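Single-letter residue listing:
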Amino acid sequence: MSGLRLRFLWPVVLGTLCLVALCAFTAVSLFHQQAAITGVLRENVSSRRAAADLRGCLNTLIALETNQIESVADLHARALLHLADIRRLSNHPREVELSERLDARFGAYLREWQALPPKSAPGHAEAVAEATQHLEANVLAPCREFEAFNDARVEETTAQHERVLTRLAWGMATVGG
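Quick caveat: nothing in here was measured; it's all calculated off a predicted structure.

Visitor: Is there a simple way to think about the overall build of the protein chain in this case?
Guide: Across its full length, the protein chain carries four helices and zero strands. Seen in sequence order, the protein chain has helices and strands lined up from the N terminus as α-α-α-α. For 177 residues, the compact-globule estimate of 2.2 N^0.38 gives 16 Å, and the C-alpha radius of gyration of the protein chain, at 28 Å, exceeds that figure by more than 25%. For the protein chain, the C-alpha atoms occupy an extent of roughly 110 × 25 × 20 Å along the three principal directions. Out of the 177 residues in the protein chain, the part that is buried amounts to 31%. By sequence separation, contacts in the protein chain at least 24 residues apart represent 77% of the contacts at least 6 residues apart.

Structure follows, in structure tokens:
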């Protein structure tokens, strides 16, 4: 009688162990997918935040220069820090391209700003207006483009995250069934 029980018990134990192993494998696999997606999402949000900070700094610069307030060296330094953050966080080819464009155009603006004639010179106000126009037209636009790119990446990553969660639910339902 005990031989008969072992003969029926062995397949049940083996089947149970296989199901437990399958559940563990599924959970670990989904955990790794979830961790990877979370890392990508965190990076995209950080890039987006750096671009938003730069945009805010640029808008402040434009507003101050438009109102003929020219003591903006601190804002220039802050914008350079934001650009460094953007460079550091750029890991997608499009991000790198936009980051390089931002660097080049902000560098051109700074050179233009530093070459301003003295306040007493006749063309000073026009030169400030040109520098401000350069900042608004050539630096702010790629900054917004960088932000929009990261917004799209966040949306894409969120959709991928939702797909993984759906797979998780179906996987657990299948194993449970």
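Visitor: How should I be thinking about the confidence of the model for the protein chain in this particular structure?
Guide: Across the protein chain, the average pLDDT comes to 83, with 95% of residues at or above 70. Per-element confidence in the protein chain ranges from a low mean pLDDT of 81 for helix α1 (residues 2–66) to a high of 90 for helix α3 (residues 93–114).

Visitor: Explain the nonpolar core to me, please; I cannot follow it from the model alone.
Guide: As a rule of thumb, soluble globular proteins bury nonpolar side chains together. Counting 29 residues, the largest nonpolar core has Leu-54, Leu-58, Leu-61, Leu-102, Phe-106, Tyr-109 and Leu-135 as the members making the most contacts within it. Counting residues per element, the ones that place at least two in this core are α1, α2 (73–89), α3 and α4 (124–176). Element by element, the count of residues in this core is highest for α4, at nine residues. The residues touching Leu-61, leaving out its near neighbours within four places in the chain, are Val-72, Leu-75, His-76, Phe-106, Tyr-109 and Leu-135.

Visitor: I keep staring at the packing of aromatic side chains and nothing clicks. Help me out?
Guide: Aromatic ring pairs are described here by two measures, namely the spacing of the ring centres and the angle between the planes. Within the structure shown, the criterion is met by two aromatic pairs. Taking the centre distance of 6.2 Å and the plane angle of 35° together, the rings of Tyr-109 and Trp-113 count as tilted. Taken together, the residues span about one helical turn, with Tyr-109 and Trp-113 both in helix α3 at a distance of four residues. Under the relative-accessibility criterion, Tyr-109 is labelled buried at 0%. A residue is classified by how much of its surface remains accessible, and Trp-113, at 12% relative accessible area, is buried. Ring pairing ties together the aromatic residues Phe-106, Tyr-109 and Trp-113, which thus form one cluster.

Visitor: Just checking my understanding: could you explain α3 for this structure?
Guide: Counting along an α-helix, one turn takes 3.6 residues, and residues three or four places apart therefore face a common direction. The end-to-end C-alpha distance of α3, which contains 22 residues, comes to 31 Å, matching closely the 32 Å that a straight helix rising 1.5 Å per residue would cover. Of the residues making up α3, those classed as buried are Glu-95, Leu-98, Ser-99, Leu-102, Phe-106, Gly-107, Tyr-109, Leu-110 and Trp-113.

Visitor: Would you take a moment to explain the side chain of Asn-44 for this structure?
Guide: Mapped onto the elements, Asn-44 comes out in helix α1. We classify Asn-44 as buried; its relative accessible area is 0%. Leave out the neighbours within four places in its chain, and Asn-44 touches Asn-150, Arg-153, Val-154 and Thr-157.

Visitor: Please clarify how α2 should be interpreted in this entry.
Guide: Between its terminal C-alpha atoms α2 stretches 25 Å, which fits the 24 Å expected from 17 residues at 1.5 Å a residue. For α2, the complete set of buried residues consists of Leu-75, His-76, Ala-79, His-82, Leu-83, Ile-86 and Leu-89. Looking down the long axis of α2, one finds its buried residues gathered within 145° of arc, a one-sided arrangement. More than 90 degrees from the buried face of α2, the exposed residues found are Ala-73, Asp-74, Leu-81 and Arg-88.

Reading guide: rules and limits
- Residues numbered from 1 in each chain as written.
- Predicted model: local features only at pLDDT ≥ 70, side-chain atom pairs only at ≥ 80, totals over all residues.
- Heavy atoms only, no water.
- Helix = DSSP H or I, 4+ residues; strand = E, 2+ residues; numbered from the N terminus.
- Rg over C-alpha atoms; globule rule 2.2 N^0.38 Å.
- Buried < 20%, exposed > 50% of the residue type's maximum accessible area, 1.4 Å probe, protein only.
- Contact = heavy atoms within 4.5 Å.
- pLDDT = per-residue confidence, 0-100.
- Core = buried A, V, L, I, M, F, W, Y, C linked by side-chain atoms within 4.5 Å.
- Phe/Tyr/Trp six-rings, centres within 6.5 Å; stacked < 30°, edge-to-face > 60°.
- Expected span 1.5 Å × (residues − 1).
- Arc of directions from axis to C-beta.

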